[in-house]
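Structural characterization, general
Listed below, chain by chain, are the residues.
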Amino acid sequence: MAKSFVNSNARFDTMPVFLTALSTILGAILFLRFGWAVGQIGSWGVIGVILIGHIITIPTAFAVAEIATNQQVQGGGAYYIISRSFGFNIVGAIGLALFFSQAISVAFYIIAFGEAFESVINFLNDNYQLGIEDRRWISIPSMAILSIIILAKGANMGMKALYFVVAILLTSLVFFFIGDSLLKPHEVHFHSHIPNNLNFFFVLTIIFPAFTGLAAGLGLSGDLKDPKKSIPRGTLCPTIVSMLVYIAAAYKFTISASPEELVADQLIMQRIAIWEPTIPVGLAAASLSSALGSIMVAPRTLQAIGYDDIFPQKWLNLWFAKGKKADNEPINGSIVTIIIAFFFIAIGDINFVAQIISMFFMVTYAAICMVSFLEHFAADPAYRPTFRSKWYK
């Protein structure tokens, strides 16, 4: 069994935490479902979704920042924070919920990655009559390649790739915001939506996973040189920045196309952007970066669960806790994560997967906020964080 959650050769600073969180938040849902959401419930409705989502995530980010500056946060990220505050009897179920949310997120982002090739698939079908209709022809091989990279090279290779794909992601978003759409409605009404639209709360369950990226950055805690500095900065900053980006995107969608057009075309962003090809490329980069973040984080959560002997079988705990000798890379946790991801990729329904992720993340974020809340009101003399926010007021 690993002697510590921590990578003895830890060398990540704040930037990997920030980029992992930001790329996960500004990911596939922004490209594939956010315009659809504006068409379903209107701009004001989507802003309501953003506010409700961040009523959950911003207090969680503040709570994480407090807890991280009160105790030494080792590997396992959110799991470690909850387990060292609530104890192992309660945290077992929460830890598994967190792991499954992270592992299933890998599948969600790889499915979205396959959607980025819609234009390429349509071109091949029109010109060469290949008859490719199922996006799993893209997503399953992509998952196989990603699995090989993670199993062979681990988080260090994943982080190098992350810098590159985040640069592409941000470039595509700039092209979207400066685009001058030819689909502009004659009159702009911020409350307009399609007839017979979907329920507000159903749309919320589809969009909410977009705001959960802070947990992705937390999962790198065991690979950080200074977690007490990197975690507060790396979680608070992307949460606030991304909220502003989503509000701006809601406005941009509303003034750029009618609700009917927003709902009908899941890649409506490419018809709004100043140069269309940047959006599929940006979607591919966003999905890949989010998948990289999740596939680096989920195995570390499972490794921490095994280290704490949460499972009743000792051999199972030993197997999950085992890491590579050189850098404690959770190889067995990576294998389990990859198997779960392949299962949900085979299902192939992005809306179904998004709803499952929402449930798991809601449980995790509620637990983190409860830890901070109870520590405040229990007047625990050992609870003396250097960062104080009083987020609950």
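Above this note sits the structure.
Thresholds applied
Residues numbered from 1 in each chain as written. Predicted model: local features only at pLDDT ≥ 70, side-chain atom pairs only at ≥ 80, totals over all residues. Heavy atoms only, no water. Patch = residues over 30% accessible without salt bridge, like charges linked within 9 Å, V, L, I, M, F, W, Y side chains within 5 Å. Areas by Shrake-Rupley, 256 points an atom, 1.4 Å probe, with all protein chains shown as cover. Salt bridge = Lys/Arg side-chain N within 4 Å of Asp/Glu carboxyl O. Helix = DSSP H or I, 4+ residues; strand = E, 2+ residues; numbered from the N terminus. Axes fitted to C-alpha atoms, helices over the stretch in contact; angles between N-to-C directions. Parallel < 35°, antiparallel > 145°, perpendicular 65-115°, else oblique. Left-handed = near helix turned anticlockwise from the far one by under 90°. Contact = heavy atoms within 4.5 Å. Nonpolar A, V, L, I, M, F, W, Y, C, P; charged D, E, K, R; others polar. Core = buried A, V, L, I, M, F, W, Y, C linked by side-chain atoms within 4.5 Å. Buried < 20%, exposed > 50% of the residue type's maximum accessible area, 1.4 Å probe, protein only. Arc of directions from axis to C-beta. 1 Å grid on protein atoms, 1.4 Å probe; cavity = no way out; pocket = protein on both sides within 12 Å on 5 of 7 lines; lining within 4 Å. Points joined across faces, edges and corners; volume = space filled by probe spheres on them. Phe/Tyr/Trp six-rings, centres within 6.5 Å; stacked < 30°, edge-to-face > 60°.

**Description of a nonpolar patch on the surface**
- A grouping of Leu151, Trp315, Trp319, Ile335 and Ile339 is seen on the molecular surface, where their side chains present a nonpolar patch of about 500 Å² in accessible area.
- Elements represented by at least two residues in the nonpolar patch include exactly helix H15 (314-321) and helix H16 (331-347).
- Here Trp319 is to be found in helix H15.

**Some details on the packing of helix H3 (residues 34-68) against helix H17 (residues 350-377)**
- At a closest axis distance of 9 Å, the pairing of H3 and H17 adopts a crossing angle of 50°. Between H3 and H17, the interaxial angle falls into the category oblique. Of the two possible hands of crossing, H3 and H17 adopt the one that is left-handed. Along the contact surface, H3 presents Ile56, Thr57, Pro59, Thr60, Ala63, Val64, Glu66 and Ile67, while H17 presents Met362, Tyr365, Ile368, Cys369, Val371, Ser372 and His376.
- Residue composition of the contact of H3 with H17, by class: 10 nonpolar, four polar and one charged.

**A short note on the packing of helix H1 (residues 14-25) against helix H11 (residues 227-256)**
- Two numbers describe how H1 lies on H11: the axes approach to 8 Å, and their chain directions differ by 30°. Viewed along their axes, H1 and H11 adopt a mutual orientation that is roughly parallel. Both H1 and H11 take part in a crossing whose hand is right-handed. Here Thr14, Val17, Phe18, Ala21, Leu22 and Ile25 of H1 lie close against H11, whose contacting residues are Lys229, Ser230, Arg233, Gly234, Cys237, Pro238, Thr239, Val241, Ser242 and Tyr246.

**Considering the nonpolar core**
- Ranked by internal contacts, the top residues of the largest apolar core, which has 115 residues, are Phe31, Phe34, Phe108, Tyr246 and Phe253.
- Residue contributions to this core peak at 16 residues, all from H3.
- Excluding anything up to four places from it in sequence, Tyr246 contacts Ile25, Leu26, Gly27, Leu30, Phe34, Ile50, Ala210 and Phe211.

**Brief notes about H15**
- Considered for burial, the residues of H15 that qualify are Leu316, Asn317, Phe320 and Ala321. Within H15, the buried residues cover an arc of 125° as seen down the axis, which keeps them to one side. Those residues of H15 that are exposed and aimed more than 90 degrees away from the buried face are Lys314 and Trp315.
- The inward-facing, buried residues of H15 contact helix H14 (278-307) and H16.

**Let's talk about the layout of surface pockets**
- Its volume calculated, the largest pocket comes out at about 170 Å³.
- Lining the largest pocket we find 11 residues, and of these Ser142, Ile145, Leu146, Ile149 and Leu288 sit closest to its centre.
- At the level of elements, helix H5 (88-115), helix H7 (136-153), helix H8 (155-177) and H14 are the ones that each hand at least two residues to the lining of the largest pocket.
- The element best represented in the lining of the largest pocket is H7, accounting for four residues.
- Counted by class, the lining of the largest pocket contains 10 nonpolar, one polar and no charged residues.

**Digging into the packing of aromatic side chains**
- Enumeration over the complete set of coordinates arrives at 15 aromatic pairs.
- A ring pair is formed by Phe200 and Phe201, whose centres lie 5.2 Å apart and whose planes are at 85°; its orientation type is edge-to-face.
- Between Phe311 and Phe320 the ring centres are 5.1 Å apart and the planes differ by 45°, which places this aromatic pair in the tilted class. Here Phe311 matches Phe320 in class, with each residue buried.
- Among the aromatic residues, those joined into a ring-pair cluster are Phe34, Phe176, Phe177, Phe211, Tyr246 and Phe253.

**Quick look at the pattern of salt bridges**
- For the coordinates displayed, the defined rule picks out two salt bridges.
- A salt bridge links Asp180 to Lys184; its shortest N-O distance comes to 2.8 Å.
- Here Asp265 ties to Arg271 by a salt bridge, and the two come within 3.6 Å at their closest N and O atoms.

**Re the environment of Gly234**
- By secondary structure assignment, the location of Gly234 is in helix H11.
- Spatially, the C-alpha atom of Gly234 lies 8.0 Å from that of Pro16, the residues being 218 residues apart in sequence.

**Side note on unusual backbone geometry**
- Not every positive phi belongs to a glycine, and Asn196 is a case in point at roughly 55°.
- On the basis of relative accessibility, which here comes to 80%, the residue Asn196 falls in the exposed class.

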